[in-house]
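As a plain string of letters, each chain reads:
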Amino acid sequence: MALTVDEVKEIASHPQWVSVAESLPLTKKSLISDLDSMRQQCGEFARAVIEVAVARKSAATKLPGTWIMSSEAAQQATPYLVAVARARRLRDTGLSSFADVTCSIGTEVAALSDVGLPAIGSDIDAARIEMARHNVPGSRFLLADALAPAYDADVIIADPARRAGGRRIARPEDLLPPLPDLISAWSGRQLAIKCAPGLDFSEWEGEVALASVDGAVKEACLYTPGLALQARGRQVTRSALVIETVGKRDPLDLDATTVTRYDDTMDDDCDVRAAGRYIVDPDGAVVRAGLVRHFAAAHGLWQLDERIAHLSGDRLPEGVSGFEVIEQVGLKQVRKSLAALDCGAAEILVRGVDVNPDVVRKQWKLRGSKALAVVITRIGKTATAFICHPRAKG
């Protein structure tokens, strides 16, 4: 649900309300009793306070826990770690003025501020501007349309809406605002435009940078040529930023995480041959960026098939997860093999084969006591399965 400007202002003036709400169960079953409890605290603002508490809970490892946000805004917001990584690379450009023209609750402006780059933010939603002002005190925020430039800046950051009517948008021209219109409106500036990872970026002349956090792909950011990274004497056109927070001290501190970057200027010379001891499924950002061979070469791995992203090796590279192979079988033999191995639960990975993991899991009727993994892939024209030990990390 959305918040109003008045609700945001009242909550900002009474931070203790959200603190009380955060102590409640905040489940679907407890909603009525939670609202009754909060009405005794804050009257007509109970619904809004519950909304902020639920949003904070859902974004606990994504956004700062003191921010005011709605659940929808939290879901749409860039993870703070990704925003900080972008702010650091923008700082290295030497440019001095930055603006987020779809700032929402202020994530990008906060990240830029954290690395010493004052920035301005704007949005067409007055309530989100009010949230941003609370979340990033001391920064400037304006109510403005992203397609009607209201100020000047060297670098424009934007995040067009990627969904409409509950569905993902598949074409750049259908984004809100449309990508071509956004580029035209800010002609002459350097742009960093966040988009859904699945769009077709084949005609983009700058850098397409994919980012993931703990294996989940979060965004593709389109950088104009002037902001593209340079490496090994060439402009980077495709890159993948892989951020891992699991087991780290603070999931919102980029320096406390593991950050690895791959790009298309790296060596991509890797073999294609039969499986070794391990099967490796590269991070989704690497796959979406088309950097599977670069990833393989960097880690001493090889491909099972030149068209499929599954890789193999005789050891797991440090920090990379994979599956130790027990046996390789045809798809029709998987159920029998799993039963013989006393398998009762299986993680299933599929690439290049028309198989639904949920369907085959039911068909296999697993009743054993061991947890295993099944990697289903295509080698040449043949679908095959690797039955493996559970996921491990090098």
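On a predicted model such as this, the values are computed, not experimentally measured, just so you know.

**Student:** Mind showing me how you'd approach the nonpolar core here?
**Tutor:** Soluble globular proteins tend to pack their nonpolar side chains together in the buried interior. Core analysis: the biggest nonpolar cluster contains 63 residues, and Met 38, Val 49, Leu 63, Met 69, Leu 90, Ile 105 and Leu 112 have the highest contact counts within it. In terms of residues, this core owes the most to one element, helix α6 (residues 80-91), which gives eight residues. Apart from residues lying up to four places away in sequence, Leu 90 is in contact with Phe 98, Leu 112, Leu 117, Val 155, Ile 157, Tyr 223 and Leu 227. Counting residues in hydrophobic clusters, the runner-up holds 43 residues, among them Ile 193, Trp 204, Leu 222 and Val 292.

**Student:** Please explain empty space enclosed by the protein as it appears in this structure.
**Tutor:** Remark: the empty space left among the atoms is shown by a probe the size of a water molecule rolled over them. Tallying each qualifying case throughout the model produces one cavity of 30 Å³ or more. Lining the largest cavity are 13 residues; nearest its centre among them are Arg 86, Ala 209, Ala 211, Tyr 223 and Leu 241. In terms of residue class, the lining of the largest cavity is made up of eight nonpolar, one polar and four charged.

**Student:** Looking at this structure, I do not really get the layout of surface pockets. What am I missing?
**Tutor:** Considered as a void within the structure, the largest pocket measures approximately 1,300 Å³ in volume. Broken down by secondary-structure element, the contributors of at least two residues to the lining of the largest pocket are α5 (71-76), α7 (107-114), β9 (216-223) and α10 (284-288). In this model, the second largest pocket occupies a volume close to 620 Å³. For the second largest pocket, the lining is made up of 25 residues, of which Glu 244, Asp 283, Gly 319, Ser 321 and Lys 393 are closest to its centre. Of all elements in the fold, only β12 (238-244), β13 (258-263), α11 (292-299) and β21 (392-393) reach the threshold of two or more residues within the lining of the second largest pocket. In terms of residue count, β13 provides more of the lining of the second largest pocket than any other element does, three residues in total. Classifying every residue of the lining of the second largest pocket gives eight nonpolar, eight polar and nine charged.

**Student:** Which parts of the structure should I look at to understand helix α8 (residues 126-135)?
**Tutor:** An α-helix turns once per 3.6 residues; consequently, residues spaced three or four apart project the same way. Within α8, seven of the ten residues are buried, leaving the element largely enclosed by the surrounding structure. Turning to α8, its buried residues number three or more, namely Ala 127, Arg 128, Ile 129, Glu 130, Met 131, Ala 132 and Asn 135. Buried residues along α8 sit against α1 (5-13), α5, β2 (119-123) and β3 (140-143). The N-capping residue of α8, defined by a side-chain oxygen 2.9 Å from the backbone nitrogen of Ala 127, is Asp 125.

**Student:** I keep staring at the sheet that holds β9 and nothing clicks. Help me out?
**Tutor:** By way of backbone hydrogen bonds, the strands of a sheet pair with one another, either parallel or antiparallel. Strand order in the open sheet made by the nine strands is β3-β2-β1-β4-β7-β9-β8-β12-β13, with mixed pairing throughout. On the outer flanks of this sheet lie β3 and β13, each paired with one strand and no other. With direction set aside, neighbouring strand axes in the sheet form an average angle of 20°. Alignment of strand β1 (residues 98-100) against β2, held across three bridges, turns out to be parallel. When the bridges of β2 are listed, Asp 100 appears paired with Gly 121. The strands that α7 touches are β1, β2, β3, β4 (155-158) and β7 (190-195); relative to β2, the one it contacts most, it runs at about 175°.

**Student:** Mind showing me how you'd approach helix α4 (residues 46-58) here?
**Tutor:** Compared with an ideal rise of 1.5 Å per residue, which puts 13 residues at 18 Å, α4 spans 18 Å between its outermost C-alpha atoms and is within 8% of the ideal. Among the residues of α4, Ala 46, Ala 48, Val 49, Ile 50, Glu 51, Val 52, Ala 53, Ala 55 and Arg 56 are the ones counted as buried. On its buried face, α4 sits against α1, α2 (15-21), α3 (31-42) and α5.

**Student:** What's the story with the environment of Leu 176 in this structure? I'm lost.
**Tutor:** Inspection of the secondary structure puts Leu 176 in the loop between β6 (167-168) and α9 (179-185). Separated by 30 residues in the primary sequence, Leu 176 and Ala 146 have C-alpha atoms spaced 9.8 Å apart.

**Student:** What is the right way to look at the pattern of salt bridges in this model?
**Tutor:** As enumerated under the stated definition, the model contains 24 salt bridges in all. In this structure, Asp 174 and Arg 171 form a salt bridge, with 2.9 Å as the shortest nitrogen-oxygen distance. Through salt bridges with shared partners, one network takes in Arg 86, Glu 108, Asp 159, Arg 162, Lys 194 and Glu 219.

Quick notes on the rules
- Residues numbered from 1 in each chain as written.
- Predicted model: local features only at pLDDT ≥ 70, side-chain atom pairs only at ≥ 80, totals over all residues.
- Heavy atoms only, no water.
- Core = buried A, V, L, I, M, F, W, Y, C linked by side-chain atoms within 4.5 Å.
- Buried < 20%, exposed > 50% of the residue type's maximum accessible area, 1.4 Å probe, protein only.
- Helix = DSSP H or I, 4+ residues; strand = E, 2+ residues; numbered from the N terminus.
- Contact = heavy atoms within 4.5 Å.
- 1 Å grid on protein atoms, 1.4 Å probe; cavity = no way out; pocket = protein on both sides within 12 Å on 5 of 7 lines; lining within 4 Å.
- Points joined across faces, edges and corners; volume = space filled by probe spheres on them.
- Nonpolar A, V, L, I, M, F, W, Y, C, P; charged D, E, K, R; others polar.
- Polar contact = N/O pair within 3.5 Å; in protein donor to acceptor, adjacent residues only side chain to side chain.
- Pairing = 2+ DSSP bridges.
- Axes fitted to C-alpha atoms, helices over the stretch in contact; angles between N-to-C directions.
- Expected span 1.5 Å × (residues − 1).
- Salt bridge = Lys/Arg side-chain N within 4 Å of Asp/Glu carboxyl O.

Geometric values such as these leave the question of function open.
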